[in-house]
Amino acid sequence: TKYTVDVFTSKDVRGSGTDAQVFVNIIGKDGETRERKLPSKRKHFERGRKDTFTLPAFELGDLVRLVVRHDGTGMGAGWHLDRIDVRSELSGRGWSFPCGEWLDKSEGDGLIERELQAEALVVGPEPEAESGLSSSSALWRSHAQLAQVMKQQQMMRYGTPSISPAAIGLSF
């Protein structure tokens, strides 16, 4: 599956952005991603920004912790992180990892690594649901998403899908 990782740099803290390389390790009840570098560009991790990344990984189950750090490189490496939100493409569930602290050798407690605890993230309705699609269109979309999830689960477990959407009454 894939995880969408939204990184929110604090907006109300002067100098909160960083040019350093940022790394995360997402930890769930069924495993962890191990440390991954977030592929950043110059505009990433600036004050008040939301930066979105996609990380492929096995399904981790309920997320419990996230370890975030930076490498301390670059001018003004210090970083004030508001929070990180993570969503599983497979399950559609989301978690928020609040921080609200500096990752900076010369600010706060001087740490550049934080272990953040998960909180449930309420994921809003899909944009299509807000746009006035009929309930039958929304239902079809739900069935299509379910079929995709089932196929991904089969492939992860057995290597090839054994259930086709047609076998469970879905047609495309």
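See the structure shown above.
Criteria and thresholds
- Residues numbered from 1 in each chain as written.
- Predicted model: local features only at pLDDT ≥ 70, side-chain atom pairs only at ≥ 80, totals over all residues.
- Heavy atoms only, no water.
- Phe/Tyr/Trp six-rings, centres within 6.5 Å; stacked < 30°, edge-to-face > 60°.
- Lys NZ or Arg CZ within 6 Å of the ring centre and 35° of its normal.
- Pairing = 2+ DSSP bridges.
- Helix = DSSP H or I, 4+ residues; strand = E, 2+ residues; numbered from the N terminus.
- Axes fitted to C-alpha atoms, helices over the stretch in contact; angles between N-to-C directions.
- Salt bridge = Lys/Arg side-chain N within 4 Å of Asp/Glu carboxyl O.

Q: Any chance you could explain the packing of aromatic side chains here in plain terms?
A: Each pair of aromatic rings is reported with the distance of its centres and the angle of its planes. For the coordinates displayed, the defined rule picks out two aromatic pairs. Taken together, F45, F53 and W79 form an aromatic cluster joined through their ring pairs. Lying across the ring of F8, R83 places its NZ or CZ 3.6 Å from the centre.

Q: Hey, could you run me through the sheet that holds strand β5 (residues 50-56) in this one?
A: Backbone-to-backbone hydrogen bonds pair the strands of a sheet. The strands run either parallel or antiparallel. Reading across the sheet, the five strands line up as β5-β1-β7-β8-β10 and stay open at both edges, with antiparallel pairing between neighbours. Strands with a single pairing partner mark the edges of an open sheet, and in this sheet they are β5 and β10 (119-121). Averaged over all pairs of adjacent strands, the angle between strand axes in this sheet comes to 30°, irrespective of strand direction.

Q: Got a minute to help me understand the pattern of salt bridges in this structure?
A: Here the structure, examined in full by the defined rule, presents nine salt bridges. When the shortest N-O distance is used, the salt bridge between D82 and R83 registers 3.1 Å. Here the salt bridges do not stand alone but share partners, grouping D82, R83 and D85 into one network.

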